[in-house]
Amino acid sequence: MVLVSQVNVGQTIVQNAFIDRYMAAANGEYVKVYLLLLRLAGIGRLSVSELADRLDITEKDVMRALAYWENAGLVTLSRSGDDLSEMTINGFDAPAAAARTAAPESRPVSAAVPAPAAPAAVPQAAAEEELPDETPQKPRRSQQELAEDEDYAQIVYVAEKYLGRTLKPKDLEILAWMYDELAFPADVIEYLIEYCVESGKTKTEYLEKVAMGWHADGIRSVEQAKQQVRAYKLSSGNYYAVLKAFGIYNRAVVPREAEFVDRWTRQMGFAIEVVQAACAEAMRKNVKQPFDYTNKILEKWQEAGLKSPADVRRYLEEGRESFRQAEEKSAEEVQQRRQEKRRTEHRQAQERDVLAARRAKICQDMPEFEKLEAEIIDLSAKRDLETLNGADARAEELKQKILSLREKKTGLLAAAGFPADYLERV
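This one's a predicted model, so the numbers in the text were calculated from it and none came from an experiment. (Residues numbered from 1 in each chain as written. Predicted model: local features only at pLDDT ≥ 70, side-chain atom pairs only at ≥ 80, totals over all residues. Heavy atoms only, no water.)

Counting its regular elements, the protein chain contains 18 helices and three strands. Each of the 426 residues in the protein chain was classed as buried or not, and the buried ones make up 37%. Put simply, 64% of the contacts in the protein chain that link residues at least 6 apart link residues at least 24 apart. Carbon and sulfur atoms provide 49% of the accessible area of the protein chain, an area that totals close to 25,200 Å². (Helix = DSSP H or I, 4+ residues; strand = E, 2+ residues; numbered from the N terminus. Buried < 20%, exposed > 50% of the residue type's maximum accessible area, 1.4 Å probe, protein only. Contact = heavy atoms within 4.5 Å. Areas by Shrake-Rupley, 256 points an atom, 1.4 Å probe, with all protein chains shown as cover.)

Encoded structure:
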């Protein structure tokens, strides 16, 4: 950035007009920035970061100061896109200064800082990220003008009481921004301060963030603000109740988890006690994704028409009773199958013993019968081998011999007065 000065260099001269018209109403940091600009007027090139480093303030603070002095007419900023390309320190008789000071009744010199999150020199993209859209375009008044406003004076008094300190110029600028630019009523600002202090937040930067959120949500009355706070506290309490149900402590809820909790409590309308019961069921299952599993449980409960904790208890008790009965029935069926298997095995063992005894008796009484059985076994083994070797003709020949021998066996049994299947079944 090129720094151009229309005042004499070689020494730092502060004109009386600056002290008389501007210094008293300006923030101390803004005055320091202006004085440093006067001091560095002859160096030619300068950066915002260099100004910030020299004064030990942030670049955003520098940009606020430059925007303030540009609005007052003491500097002229030239931009190339989002960057500052040139800055001119105007003399007090320069056209820009004259145009802004000639008719104070039509355009008052602003002593209040532009909205802290979006000063005039901040690139538009950054401003859109930090400030809600449609910020009221109410003219900002100086602290001297605001001091004559009884409501604003009461705001300052309440803020000092709650915050427990004398407010600094920067604190006053944020309060003025809430009151004069965001157009919050005095009682809303007082309640905002009370709420933040009760939450343990006493920095005005935090008050500023809350104000931006309330403005974006369209809050314009204390009742609306209280409803917002109640809703936030309820949601926050629900978040931690769910984390606790999952055995999670000492950390805040992450966005995905908050989305689940909001869905269960807001969209699905479940009481937090019902949600906790679902969480307990998920933990009992020891699943890897408890939030996803809890969501499935609650969807099932919603389909079943469950609303209250009593509904859930009754549903779970009925489910456990049904499960117990099913388990008992299953155990009984298992026992019956085991008994039937044991009976079958016992019967089969008895049949084997009977058939073995019959065979032993026949072989004892008819040695030729045992000889036929041994020969059939030998030929069957040979037939199987020939089949494996592909000798189908030989295998067929052996098969016919086996059939002939079996007929002889049957004939022996018949001659002894036994049925053909005497040795095959009881």
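This part covers unusual backbone geometry. With a phi angle near 60°, Asp56 is a residue other than glycine that sits in the positive phi range. Among the structural elements, Asp56 can be located in the loop between helix H3 (48-55) and helix H4 (59-72). Since its relative accessible area comes to 72%, Asp56 is described here as exposed. The phi torsion at Ala183 lies on the positive side, around 60°, for a residue other than glycine. Secondary-structure assignment places Ala183 in the loop between helix H9 (169-181) and helix H10 (186-198).

Now for the nonpolar core. Ranked by internal contacts, the top residues of the largest apolar core, which has 32 residues, are Leu175, Met178, Phe184, Ile189, Leu192 and Trp214. Taken together, the elements giving at least two residues each to this core come down to helix H8 (150-163), H9, H10, helix H11 (204-216) and helix H12 (222-245). Residues in contact with Trp214, not counting those within four places in the same chain, are Phe184, Val188, Tyr191, Leu192, Tyr195, Ile219, Arg220, Ala225, Gln228 and Val229. Within the second largest apolar cluster, 31 residues are counted, among which are Leu37, Leu46, Ala72 and Ile89. (Core = buried A, V, L, I, M, F, W, Y, C linked by side-chain atoms within 4.5 Å.)

Next up on the list: the packing of H3 against H4. Viewed as axis vectors pointing N to C, H3 and H4 meet at an angle of 105°, and their least axial separation amounts to 8 Å. With respect to H4, the axis of H3 lies roughly perpendicular. Residues Val48, Ser49, Leu51 and Ala52 of H3 form the contact with H4, whose own contacting residues are Glu59, Val62 and Met63. Looking at the contact of H3 with H4, its residues break down into five nonpolar, one polar and one charged. (Axes fitted to C-alpha atoms, helices over the stretch in contact; angles between N-to-C directions. Parallel < 35°, antiparallel > 145°, perpendicular 65-115°, else oblique. Nonpolar A, V, L, I, M, F, W, Y, C, P; charged D, E, K, R; others polar.)

Here we take up the environment of Lys401. Position of Lys401 among the secondary structure elements: in helix H18 (residues 392-415). On the basis of relative accessibility, which here comes to 41%, the residue Lys401 falls in the partly exposed class. Distance from Lys401 to Ser380, taken between C-alpha atoms, is 9.6 Å for residues 21 residues apart in sequence. Dropping the residues within four chain positions of it, Lys401 is found in contact with Leu379 and Arg394.

Inspection of the entire model under this criterion finds 18 salt bridges. Between Glu397 and Arg394 there is a salt bridge, with its nearest N and O atoms 3.2 Å apart. Here the residue Glu397 and the residue Arg394 both occupy positions in helix H18, the gap between them amounting to three residues, near one helical turn. For Glu397, a relative accessible area of 40% translates into the label partly exposed. (Salt bridge = Lys/Arg side-chain N within 4 Å of Asp/Glu carboxyl O.)

Moving on, we come to the packing of aromatic side chains. For the structure on display, the rule yields 14 aromatic pairs. An angle of 50° between the planes, with centres 5.5 Å apart, marks the rings of Phe18 and Trp69 as tilted. Highlighted residues: Phe18 in helix H1 (residues 16-23) and Trp69 in helix H4, separated in sequence by 51 residues. Among the residues examined, Phe18 registers a relative accessible area of 1% and is labelled buried. Judged by relative accessible area, Trp69 falls into the buried class, the value being 0%. Three or more aromatic residues link up through ring pairs in this structure, and these residues are Phe18, Tyr22, Tyr30, Tyr34, Tyr68 and Trp69. The side chain of Lys201 reaches across the aromatic face of Tyr206, ending 5.6 Å from its centre. (Phe/Tyr/Trp six-rings, centres within 6.5 Å; stacked < 30°, edge-to-face > 60°. Lys NZ or Arg CZ within 6 Å of the ring centre and 35° of its normal.)

Across the protein chain, pLDDT averages 80, with 85% of residues at or above 70. The weakest mean pLDDT in the protein chain belongs to helix H6 (residues 124-130) at 31; the strongest belongs to helix H15 (residues 290-303) at 93. The low-confidence segment residues 94-139, where pLDDT is below 50, has 87 contacts with residues more than four positions distant or belonging to other chains. (pLDDT = per-residue confidence, 0-100.)

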